[in-house]
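Structural overview
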Amino acid sequence: MTGSAPEQPRIPQPPATVTALRQAVAQIAPAALPAFTQELDQAADQARQGADLAPLRRFTAQWALYVQIQRQPAVAERFRELEDLATTGDADQARRAASELGRILDAARAALAQGQR
């Protein structure tokens, strides 16, 4: 019996820059580009108002995490299923879904951190 090979990511994880993340989102999740642009505008406005780069750092970290998940089709599909269960399931289903969502997010954060070393 042969095990199936692990799924290959659709694209390599890009650097956590606005330009690279925008290109990645356009390639793997074009429907998310309006949200990307709106959130970037908000982060830039907040950074200007507060003379602080933290909002832009949060933006790039959030979208790097999004890309890390979305570039893996099976993980992205499971993430969407769990998001639906968390909002439409009964309380027990919602708790289990939230727990698994947390594990996916933790794994994605760990993968990003590993890539930054």
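Placed above this text is the structure.
Rules of the game
Residues numbered from 1 in each chain as written. Predicted model: local features only at pLDDT ≥ 70, side-chain atom pairs only at ≥ 80, totals over all residues. Heavy atoms only, no water. Helix = DSSP H or I, 4+ residues; strand = E, 2+ residues; numbered from the N terminus. Buried < 20%, exposed > 50% of the residue type's maximum accessible area, 1.4 Å probe, protein only. Contact = heavy atoms within 4.5 Å. Phe/Tyr/Trp six-rings, centres within 6.5 Å; stacked < 30°, edge-to-face > 60°. Salt bridge = Lys/Arg side-chain N within 4 Å of Asp/Glu carboxyl O. Axes fitted to C-alpha atoms, helices over the stretch in contact; angles between N-to-C directions. Parallel < 35°, antiparallel > 145°, perpendicular 65-115°, else oblique. Nonpolar A, V, L, I, M, F, W, Y, C, P; charged D, E, K, R; others polar.

Concerning the overall build of the chain
- Helix and strand counts for the chain come out as 5 helices and 0 strands.
- Sequence-ordered secondary structure for the chain, helices as α and strands as β, is α-α-α-α-α.
- Each principal axis of the C-alpha distribution contributes one length, and for the chain these read about 55 × 35 × 30 Å.
- Burial analysis of the chain (117 residues in total) assigns 29% to the buried set.
- In the chain, the share of contacts with a sequence separation of at least 24, taken over all contacts with a separation of at least 6, comes to 52%.

Some words on the packing of aromatic side chains
- According to the stated counting rule, one finds 4 aromatic pairs in the structure shown.
- Geometrically, the ring pair formed by F36 and W63 is edge-to-face, given 5.1 Å between the ring centres and 75° between the ring planes. With F36 in helix α2 (residues 33–50) and W63 in helix α3 (residues 54–70), this pair connects stretches of sequence that are 27 residues apart.
- Its relative accessible area of 0% is what places F36 among the buried residues.
- Taken together, F36, F59, W63 and Y66 form an aromatic cluster joined through their ring pairs.

Details of the pattern of salt bridges
- Counted according to the given criterion, the structure contains 7 salt bridges.
- Here E100 makes a salt bridge to R78, at a shortest N to O gap of 2.9 Å. You can see E100 sitting in helix α5 (residues 91–115) and its partner R78 sitting in helix α4 (residues 73–88), a full 22 residues away along the chain.
- On the accessibility criterion, E100 (23% relative accessible area) is partly exposed.
- Members of the salt-bridge network, linked through shared partners, are R78, E81 and E100.

Digging into the packing of α2 against α3
- At a minimum axis separation of 8 Å, α2 and α3 run at an interaxial angle of 155°. As far as their axial angle goes, α3 and α2 are roughly antiparallel. For the pair α2 and α3, the contacting residues are A35, F36, E39, L40, A43, A44, Q46 and A47 in the first and P55, L56, R58, F59, Q62 and W63 in the second.
- Looking at side-chain class alone, the contact of α2 with α3 contains 10 nonpolar, 2 polar and 2 charged residues.

Concerning the side chain of Q68
- By secondary structure assignment, the location of Q68 is in helix α3.
- Judged by relative accessible area, Q68 falls into the buried class, the value being 6%.
- Beyond its immediate stretch of four places on either side in the chain, Q68 contacts Q13, A108, A111 and L112.

Things to note about the environment of L105
- By secondary structure assignment, the location of L105 is in helix α5.
- Once residues lying within four places of it in the same chain are set aside, the contact partners of L105 are L65, I69 and F79.

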